[in-house]
Amino acid sequence: MDDLTCAELVEQITAYLEGVLPPEDVARFRAHLTSCDGCEAYLDQVHSMLRALRGTPDEELTPDTEAAIVGAFRQWSLGGTSEA
């Protein structure tokens, strides 16, 4: 089994959380988490964000707000900062 890189984990995190990642990739994903504190923290942050967003009804989130949140998250995941 090949080692998963941090970049690959970030690319696969949505599929992992949605339960659609193939079993062999799930094993690589979880193995990487056991040896990478940074990716483990990243997964925890994504879980926290999802829990927070679940409490926000869709109809209260304007398209501009949704775009701003998604843009800020993408920028953060690439290692940058978001400017309002």
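Cut-off values and rules
- Residues numbered from 1 in each chain as written.
- Predicted model: local features only at pLDDT ≥ 70, side-chain atom pairs only at ≥ 80, totals over all residues.
- Heavy atoms only, no water.
- Helix = DSSP H or I, 4+ residues; strand = E, 2+ residues; numbered from the N terminus.
- Buried < 20%, exposed > 50% of the residue type's maximum accessible area, 1.4 Å probe, protein only.
- Contact = heavy atoms within 4.5 Å.
- Areas by Shrake-Rupley, 256 points an atom, 1.4 Å probe, with all protein chains shown as cover.
- Salt bridge = Lys/Arg side-chain N within 4 Å of Asp/Glu carboxyl O.
- Expected span 1.5 Å × (residues − 1).
- Arc of directions from axis to C-beta.

**Structural notes on the overall build of the chain**
Turning to step 1, where the next piece is worked out: Helix and strand counts for the chain come out as four helices and zero strands.
Turning to step 2, where the next piece is worked out: Element order for the chain, N to C, with α for helix and β for strand: α-α-α-α.
Turning to step 3, where the next piece is worked out: Evaluated residue by residue, the chain yields a buried proportion of 20% over its 84 residues.
Turning to step 4, where the next piece is worked out: Long-range pairs, those at least 24 residues apart, make up 56% of the contacts in the chain between residues at least 6 apart in sequence.
Turning to step 5, where the next piece is worked out: Just so you have it, the chain exposes about 6,200 Å², and 52% of that area is on carbon and sulfur atoms.

**Let's talk about the pattern of salt bridges**
Turning to step 1, where the next piece is worked out: For the structure on display, the rule yields two salt bridges.
Turning to step 2, where the next piece is worked out: The salt bridge involving R28 is made with D25; its shortest N-O contact spans 3.8 Å. With R28 and D25 both in helix 2 (residues 23–35) and three residues apart, the pair spans about one turn of that helix. For the pair formed by R28 and D25, the shared burial category is buried.

**Some details on helix 3 (residues 37–54)**
Turning to step 1, where the next piece is worked out: In a regular helix each residue adds 1.5 Å, so 18 residues correspond to 26 Å; helix 3 covers 26 Å between its end C-alpha atoms and thus fits that length.
Turning to step 2, where the next piece is worked out: Inspection of helix 3 places C39, Y42, L43 and V46 among the buried residues, and these make up the whole buried set. Angularly, the buried residues of helix 3 cover 100° about the axis, an arc narrow enough to put them on a single face. Turned more than 90 degrees from where helix 3 packs its buried face, D37, R51 and A52 sit exposed.

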